[in-house]
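# Analysis of the macromolecular model
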Amino acid sequence: MTDLDGLTALVTGGASGIGRATALLLAERGATVAVLDLDPSGAPDPLLRVRADVADDASVASAVAEALDRLGGLDVLVNNAGIGASGTVEAGGLDEWRRVLEVNLLGTVRVTRAALPALRASSAASIVMVGSIVATAGLPERALYSASKGAVTALARAMAADHVGEGIRVNCVHPGTVDTPWIGRLLDAATDPDATLTALRARQPLGRLVSMDEVAHAVAYLASPAAASVTGTELAVDGGMAGLRMPRA
């Protein structure tokens, strides 16, 4: 497919995981793509690599300016950068809450604010947030992560309303449990990795983890001019977690 031919895109957290899969798919479909990442070395050619810490104002301002200069403009922004967190509301200290919110929520705010002037100049402007199923479905031991992604989802809706008159579409993808390096680290730390993986698979009605490529295709659809009438929408790629109520075995 070449539905993104001639467009430019910026993907945060684009050197690994869902971000890398998304950046490569956008490039495959014809876009010129820059990735922002703490360690952009994991992004292969033809992706443009720019180092950025989305938790730092100056770093974001400099990185977005460099990316826009190299891209020559911007049509698509994918706010993907994020970090995970486990535990109930009592777990960890408030410094951990601040750290996760700085990246997952305020990082999205920083990058979006820096990119908006360029997006306003585009005739095919689209912002896609990578949220999470935890924003709409209560999962145990995910209080902080859920709070951060719930905020991102609400932000996406508000931004869609704010910028629809400027021709900028804003949508959100909600992945379920995705087979990413973060899940790998979670399993490595588990007392019984096999049992933990079985439980992660079982909580999704399809009975397996979501692939990174499946999420990337959802992002690419929302980013594409093929979705020109889609804004303010949340697209779940979650194996049925949010919408299906399955009987217990």
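Within an unreviewed UniProt entry, the label attached to the protein reads Short-chain dehydrogenase, and the organism entered is Pseudonocardia hydrocarbonoxydans. The record held by UniProt for the protein lists under Sequence similarities (unreviewed entry) the comment "Belongs to the short-chain dehydrogenases/reductases (SDR) family."

Grouped together as the largest cluster of nonpolar side chains are 33 residues, with contacts concentrated most on Leu-26, Val-33, Val-173 and Val-215. Every element with two or more residues in this core is listed here: strand 1 (8–12), helix 1 (17–28), strand 2 (32–37), strand 4 (76–79), strand 5 (126–130) and helix 8 (212–223). In terms of residue count, helix 8 provides more of this core than any other element does, seven residues in total. Those residues in contact with Val-215 that sit more than four places away from it in its chain are Ile-18, Val-173, Pro-175, Val-178, Val-210 and Val-237. Val-54, Ala-63, Ala-67 and Leu-119 belong to the second largest nonpolar core, which has 32 residues in total.

Below, the discussion takes up unusual backbone geometry. Residue Pro-46 is reached from Asp-45 by a cis peptide bond, and omega for that bond is 10°. As for its position among the elements, Pro-46 is in the loop between strand 2 and strand 3 (48–51). Positive phi is not limited to glycine here, since Glu-141 has a value of about 60°. Position of Glu-141 relative to the elements: it lies in the loop between strand 5 and helix 5 (143–163). For Glu-141, a relative accessible area of 43% translates into the label partly exposed.

Residue position: Thr-108 is located in helix 4 (residues 106–120). Ignoring sequence-local partners within four residues, the contact set of Thr-108 consists of Asn-79, Val-103, Met-129, Val-152 and Leu-155.

Counted residue by residue, strand 2 has five buried out of six residues, so it is predominantly covered. Bridge analysis of strand 1 against strand 2 gives five bridges, and the strand direction is parallel. Paired with Ala-9 across the strands is Val-33, a residue of strand 2. Of the strand pairs in this sheet, strand 2 and strand 3 are connected by four bridges, and their pairing is parallel. By the bridge assignment, Val-35 is partnered in strand 3 with Arg-49.

Before going further, it helps to examine helix 5. Along its 21 residues, helix 5 runs 30 Å from first to last C-alpha, staying within 8% of the 30 Å computed at 1.5 Å per residue. Regarding helix 5, the residues found buried are Leu-144, Ser-146, Ser-148, Lys-149, Val-152, Thr-153, Ala-156, Met-159, Ala-160 and His-163. At its buried positions, helix 5 is contacted by helix 3 (94–104), helix 4, strand 5, strand 6 (169–175) and strand 7 (234–237).

All right, on to the sheet that holds strand 7 then. Taken together, seven strands build an open sheet; the order of strands is 3-2-1-4-5-6-7 and the sheet is parallel. Each edge of the sheet is formed by a strand with only one pairing partner; in this case those strands are strand 3 and strand 7. Mean inter-strand twist for the sheet, computed between neighbouring axes without regard to direction, equals 20°. Relative to strand 7, strand 6 is paired through four bridges, and the arrangement is parallel. Residue pairing across strands places His-174 opposite Ala-236, the latter belonging to strand 7.

To continue, consider the packing of helix 1 against helix 8. Two elements in contact, helix 1 and helix 8, have axes whose closest approach is 8 Å; the angle formed by their N-to-C orientations is 55°. Between helix 1 and helix 8, the angle falls in the class oblique. Judged by the twist between their axes, the crossing of helix 1 over helix 8 is right-handed. Together, Gly-17, Ile-18, Ala-21, Thr-22, Leu-25 and Leu-26 of helix 1 and Met-212, Asp-213, Val-215, Ala-216, His-217, Val-219 and Ala-220 of helix 8 make up the contact between the two elements.

Cut-offs used in this document
Position numbers for residues start from 1 in each chain and track the written sequence from start to end. In keeping with the predicted nature of the model, local features appear solely for residues at pLDDT of at least 70, side-chain atom pairs appear and are counted solely at 80 or more, and the whole-chain, interface and lining totals rest on all residues. Side-chain calculation: all heavy atoms of the structure are included, whereas hydrogens and water are not. UniProt positions are given in the numbering used here, feature names are shortened, and annotations may be inferred rather than shown by experiment. The term nonpolar core refers to a set of buried residues drawn from Ala, Val, Leu, Ile, Met, Phe, Trp, Tyr and Cys, joined through side-chain atoms within 4.5 Å. Residue burial is assigned from relative accessible area. The probe radius is 1.4 Å, only protein chains are included, and a residue is buried under 20% of its type maximum, exposed over 50%, and partly exposed in between. Secondary structure elements are taken from DSSP: a helix is a run of H or I of four residues or more, a strand is a run of E of two residues or more, and numbering for both begins at the N terminus. Residue contacts are defined here by distance: any two heavy atoms, one from each residue, within 4.5 Å place the two residues in contact. One requirement defines pairing of two strands: DSSP has to find at least two bridges between them. How far a helix is expected to stretch is found by multiplying one less than its residue total by 1.5 Å. Axes here mean lines fitted to C-alpha atoms, for a helix over just the part in contact, with angles spanning 0 to 180 degrees between N-to-C directions. For classification purposes, an angle smaller than 35 degrees is called roughly parallel, one larger than 145 roughly antiparallel, one from 65 to 115 roughly perpendicular, and anything else oblique. In a left-handed crossing the near helix is turned counterclockwise from the far helix by less than a right angle, and in a right-handed crossing that turn is clockwise.

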